[in-house]
Amino acid sequence: MELKITVVAENSVNKRDLMAEHGLSLLVETPEFSLLFDTGQGYTIESNVRTLQIDLTQIDAIALSHSHYDHTGGLKKVLALSGPKPVYGHPAIFDEKFYLDKEGELHPNGIPFSKRELEALGAEFHLGTKPIYLSNNIILAGQIPRVTDFEEVNPHFVVKRTEEYPVDPLPDDQALFIKTSKGIVVIVGCSHSGLINILLYAKQVTGVEDIYAVVGGTHLVEAKDERLSHTIEALKEMKVEKLAVSHCTGFHAQMKLKEAFGDDFVLNNVGHCMKIE
């Protein structure tokens, strides 16, 4: 099966006429199914889609890795370009989510639109916690089990519960598992559930042991060296061949991953295209 992954929105860019923003959006194309995985913040997606000559009316669906604004803020613009589409996500994507800064101030951090607003624009929501087969070879993970002891929840992400703001365990964080002839390609939004937790679940859900590539955001930006070491060790043990990660990975983690994986590590900038046949 041919697979093509194009970066539509991301924190960095190195190609002419494209634009960067803090966020992530990936176009995933196969002969049997195509989808947009996340929509970025919304500042750049319309321009980048035009420059990359992407016709969003031709995608089969939109999938949301989680509800944070830098992955969902472009949803209105995408729907305006694509027309009515199925939108897949976790039921918790419409929870009231916030970022708690070091001074104790709360900042809205969730999806910036209501479900009703998006449905009026043609979003046909499919919200669930279990894996969903979007096609024979593309699986939306659903809620990721947390099994590692080194991938902790970020205490600065909180969720409103009546008048309290407990730490958000981010149950809505999910990924795409794509079966290819070379092994599983795992596409991640921010990996809030932990990158290794996600990869372990990918093997469990697909029944495939070989993980060929990881593409997307790993949220290792604030990870200490101990966690980075455990992560790299686990990636090596799983024999992951390719890493095309960026967005929330962070410069320090990128350097560590580059050191560990050499030419098999790629900075996944806006406009970068990965093809697997």
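Please read these numbers as outputs of a predicted model, since none were measured by experiment.

**Student:** Please clarify how the pattern of salt bridges should be interpreted in this entry.
**Tutor:** Pairing between side chains of opposite charge can happen when their charged atoms approach one another. According to the stated counting rule, one finds 9 salt bridges in the structure shown. A salt bridge links Glu-209 to Lys-203; the nearest nitrogen and oxygen atoms lie 3.3 Å apart. Since its relative accessible area comes to 17%, Lys-203 is described here as buried. A single network of salt bridges, built from pairs that share partners, joins Lys-97, Asp-168 and Asp-172.

**Student:** Looking at this model, I keep getting lost on the sheet that holds strand 12 (residues 175-180). Mind explaining?
**Tutor:** Paired through backbone hydrogen bonds, the strands of a sheet run either parallel or antiparallel to each other. Taken in spatial order, the 7 strands make up an open sheet running 9-10-12-13-14-15-16, and their pairing is mixed. The outermost strands of the open sheet, each flanked by one partner alone, are strand 9 (132-133) and strand 16 (265-267). When strand 9 meets strand 10 (residues 138-140), the two strands line up antiparallel, connected through 2 bridges. Bridge pairing in strand 10 places Tyr-133 opposite Ile-139. Sheet contacts for helix 5 (residues 195-206): strand 9, strand 10, strand 12, strand 13 (183-188) and strand 14 (211-217); angle to strand 13, the most-contacted strand, approximately 135°.

**Student:** What's the story with helix 7 (residues 251-261) in this structure? I'm lost.
**Tutor:** Each α-helix winds once per 3.6 residues, and so residues spaced three or four apart point in a common direction. Along helix 7, the residues that are buried comprise Ala-253, Gln-254, Leu-257 and Phe-261. Relative to the axis of helix 7, the buried residues are bounded by an arc of 100° and lie together on one face. Counted as exposed and oriented over 90 degrees from the buried face of helix 7: Phe-251 and Glu-259. Along its buried surface, helix 7 packs onto helix 6 (225-237), strand 15 (242-246) and strand 16. Just downstream of helix 7, Gly-262 is the residue with a positive phi angle, here 55°.

**Student:** Explain the layout of surface pockets to me, please; I cannot follow it from the model alone.
**Tutor:** Taken as a whole, the largest pocket holds about 290 Å³ of empty space. Around the largest pocket sit 18 residues that line it, and Glu-152, Asn-154, His-219, Glu-222 and Arg-227 are the ones nearest its centre. Its residues placed into classes, the lining of the largest pocket shows 7 nonpolar, 5 polar and 6 charged. Taken as a whole, the second largest pocket spans an internal volume of roughly 230 Å³. Residue lining of the second largest pocket: 15 residues in total, with His-22, Asp-70, Phe-157, His-219 and Cys-248 positioned closest to the centre.

Cut-offs and rules
- Residues numbered from 1 in each chain as written.
- Predicted model: local features only at pLDDT ≥ 70, side-chain atom pairs only at ≥ 80, totals over all residues.
- Heavy atoms only, no water.
- Salt bridge = Lys/Arg side-chain N within 4 Å of Asp/Glu carboxyl O.
- Buried < 20%, exposed > 50% of the residue type's maximum accessible area, 1.4 Å probe, protein only.
- Pairing = 2+ DSSP bridges.
- Helix = DSSP H or I, 4+ residues; strand = E, 2+ residues; numbered from the N terminus.
- Contact = heavy atoms within 4.5 Å.
- Axes fitted to C-alpha atoms, helices over the stretch in contact; angles between N-to-C directions.
- Arc of directions from axis to C-beta.
- 1 Å grid on protein atoms, 1.4 Å probe; cavity = no way out; pocket = protein on both sides within 12 Å on 5 of 7 lines; lining within 4 Å.
- Points joined across faces, edges and corners; volume = space filled by probe spheres on them.
- Nonpolar A, V, L, I, M, F, W, Y, C, P; charged D, E, K, R; others polar.

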